[in-house]
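Here is what each chain is made of, one letter per residue.
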Amino acid sequence: MTTIRITTTVRRAAVAAAAVALAAGGVASCDKHVSPTEVLPALQPASLDANAGGWRMLVLSGPDQIAVPAPAAVTSAAYRAELDSVRSAQTHVSDAQRQAVAYWGGGGVLRWNEIQRELTARFNLPPAPRGDGTYVFPDAKNPFADPQFPFANPPYAARAYSYVAVAQYEALKAAWYWKYQYGRPAPARVDTTLVGPAVAAGSVRPSALPAYPSEAAVLAGVTSEMLKLLFPVAADEITRHAAEEQQAALVAGTATPSDIAAGAALGRAVAAAIVARAKADGMGAAVGNAAQWQALADSATARGEIAWVSQDAPARPPMLPGFGRVKAWTMSSAQLDSLRPPAPPSTGSAQMRAELAEVKRTVDGLTRDQVAITQRWNDGAGTYTPPGHWNDIASAYVRDARMSEVRAARAFALLNMAMHDAAVGCWRVKYQYFNPRPAQLDPSIKTAIGLPNFPSYPSGHSTFSSAAAGVLAYLFPAGANTFAAQADEAGTSRLYGGIHYRSDVAGGKLHGQRIGAAVVGLARGDGAD
């Protein structure tokens, strides 16, 4: 096992190396701001999950790969000085600080997930064409240029959600390991006069969880590093969020300065390790080039099929045709291939003609309920994407289950690994068959929602949703029927929207179910059940 000491050198090296690795094209909107507003009750975990330091790691070699030095004893002069600094911080608490304590007291994992969904929606806008009808891809090396980086489209978003969630999960498991190695309590439990005003008001609950290293600071450190790389244009506001979370822990009396410093350093070091994986996962080649795009069309034509053609005006290059070669989290390429759905009907077949006619009939006769369903699951440009939609759904269940921070991180890691792997598998199949959208075969079809700029088979919504529903059913069995119904509705919404055939929906559902089941199989053996 390789042990890495937390150093600023490690962090800076990782930051410098990471921007390109986490890239794939994009543009930002104008001047929207991150403004999470959901009201969350004070987190009082149903369990402290004291054994979480022993849960299986995903990227790190073990929970002690990154060493955390021993803290000062609570009887030491150094620690007494830290208690004085907490007391000083609580002397004059402003309304803004009180609100920050209440805000982060609802759970750091939930708050950061909410922030990431806001960022994804803001950056989910495709680049506009230039005057000559061509497009420029966003550049991670120059994120503030026009178009800005990233274009947080569904595959980009699925990957981004998964990297942040996995990084948080790894960091918190490591934090739990060190917490129970050292067992240093929170300052408010060492000195009850340090129960901060927010704690006394019930917006934060005192916890028996050891305080060193601070879980709030771990989350602030690891998440801010990951988000700044994924959304570099928003780096300043992400940094402010991280600082606020750490200050809130101090004011609440749940962490001393050294608890926070150790947590932040651990979080940053874990982020560096996760970024190292990202550098080699293949995302940098996902955009492809003109020769590769043409080869995809030529391959479909050579098979006797009608090749997909962009319906944008001017025609836009296909979205991330190489994303199907990005590294998955939970399975090898061969394993991913073994889960593929069957081939779609030939574009010249009677089945395809019948399915095309069904799309036409459907969009021409949409009911009010069908329109509502179509819009509910639209998740197009300017939204948090289908993976974000399922994160939103999961958040309510995580909140209501009163999960500890580390268990909440596990839930989001499993969910988002499944959707990342679903995206990789789906894109792999899409660009193998390169099937045309219904409106390409029948221009009289007027879609009810925006037409995605990539091949049709299988439906991405169906694949994402079925994978997500499978994982959530494992995590929250009482909601299994609801998740399955939501996944079916999400898939069917694409037929209502006029952008997918019935076989696209069925193929995506099968594919997503298989991938979700594989992730659940992995989860059952990770030590957390």
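What counts, and at which threshold
- Residues numbered from 1 in each chain as written.
- Predicted model: local features only at pLDDT ≥ 70, side-chain atom pairs only at ≥ 80, totals over all residues.
- Heavy atoms only, no water.
- Helix = DSSP H or I, 4+ residues; strand = E, 2+ residues; numbered from the N terminus.
- Rg over C-alpha atoms; globule rule 2.2 N^0.38 Å.
- Buried < 20%, exposed > 50% of the residue type's maximum accessible area, 1.4 Å probe, protein only.
- Expected span 1.5 Å × (residues − 1).
- Contact = heavy atoms within 4.5 Å.
- Axes fitted to C-alpha atoms, helices over the stretch in contact; angles between N-to-C directions.
- Parallel < 35°, antiparallel > 145°, perpendicular 65-115°, else oblique.
- Nonpolar A, V, L, I, M, F, W, Y, C, P; charged D, E, K, R; others polar.
- Lys, Arg positive; Asp, Glu negative; His and termini not counted.
- Salt bridge = Lys/Arg side-chain N within 4 Å of Asp/Glu carboxyl O.
- Polar contact = N/O pair within 3.5 Å; in protein donor to acceptor, adjacent residues only side chain to side chain.
- Phe/Tyr/Trp six-rings, centres within 6.5 Å; stacked < 30°, edge-to-face > 60°.
- Core = buried A, V, L, I, M, F, W, Y, C linked by side-chain atoms within 4.5 Å.

Novice: Let's hear about the overall build of the protein chain: which residues, and what values?
Specialist: Scanning the protein chain for helices and strands turns up 20 helices and two strands. Against the 2.2 N^0.38 benchmark of 24 Å for 529 residues, the protein chain shows a C-alpha radius of gyration of 24 Å, consistent with a compact globule. For the protein chain, the spread of C-alpha atoms along the three principal axes comes to 80 × 45 × 45 Å. Across the 529 residues in the protein chain, those meeting the buried criterion constitute 57%.

Novice: Mind laying out helix α15 (residues 385–400), listing which residues take part and the relevant values?
Specialist: Here α15 contains 16 residues, and its C-alpha end-to-end distance of 24 Å stays within 8% of the 22 Å for a straight helix at 1.5 Å per residue. Regarding α15, the residues found buried are T385, P386, P387, G388, H389, W390, N391, I393, A394, S395 and V398. At its buried positions, α15 is contacted by α4 (108–122), α5 (154–182), α14 (368–376), α16 (405–433), α18 (460–475) and α19 (480–496). Trailing α15 by a residue or two, R402 shows a phi angle of about 50 degrees, which is positive.

Novice: Just give me the short version of the packing of α5 against α15, but keep the residues and values in it.
Specialist: One can describe the packing of α5 onto α15 by two numbers: an axis separation of 7 Å at closest approach and a directional angle of 40 degrees. On the basis of the axis angle, α5 is oblique to α15. Contact residues: α5 offers P154, A157, A158 and Y161, while α15 offers T385, P386, P387, G388 and N391. Looking at side-chain class alone, the contact of α5 with α15 contains six nonpolar, three polar and no charged residues.

Novice: Please give an account of the side chain of E245 that cites residues and values.
Specialist: Note that E245 resides in helix α9 (residues 235–252). R111 provides the closest opposite charge to the buried, unpaired E245, separated from it by 9.0 Å. Polar side-chain contacts of E245 include one of 2.8 Å to the side chain of W112. Residues in contact with E245, not counting those within four places in the same chain, are W104, G108, W112, A216, L219 and A220.

Novice: Give me the packing of aromatic side chains: which residues, what numbers.
Specialist: Summed over all chains, the structure comprises 17 aromatic pairs. A centroid spacing of 5.5 Å and a plane angle of 80 degrees characterise the contact between W308 and F434, whose relative ring orientation is edge-to-face. Highlighted residues: W308 in the loop between α11 (290–302) and α12 (333–338) and F434 in the loop between α16 and α17 (438–441), separated in sequence by 126 residues. Overall, the relative accessible area of 2% leaves F434 in the buried class. Geometrically, the ring pair formed by W427 and F454 is tilted, given 4.7 Å between the ring centres and 50 degrees between the ring planes.

Novice: Requested: an account of the packing of helix α8 (residues 215–230) against α9, with residues and values cited.
Specialist: At a minimum axis distance of 9 Å, the contact between α8 and α9 shows a crossing angle of 175 degrees. In terms of their interaxial angle, α8 and α9 are classed as roughly antiparallel. Of the residues in α9, those in contact with A216, A217, L219, A220, S224, L227 and K228 of α8 are A235, I238, T239, A242, E245, Q246 and A249. Broken down by class, the residue content of the contact of α8 with α9 amounts to nine nonpolar, three polar and two charged.

Novice: I'd like a description of the environment of S310, backed by residues and values.
Specialist: Along the chain, S310 turns up in the loop between α11 and α12. The spatial distance from the C-alpha of S310 to the C-alpha of A140 is 25 Å, given a sequence separation of 170 residues. Setting aside its immediate chain neighbours within four residues, S310 contacts A315, R316 and N453.

Novice: Account for the nonpolar core, with residues named and values stated.
Specialist: Among the nonpolar cores identified, the biggest contains 123 residues, and L266, W390 and L472 are the most heavily contacted of them. Of all the elements, α16 adds the most residues to this core, at 17 residues. Not counting the four nearest positions on each side in its chain, L472 is found in contact with W390, I393, A394, L415 and F483. Counting residues in hydrophobic clusters, the runner-up holds twelve residues, among them V86, A89, L194 and L250.

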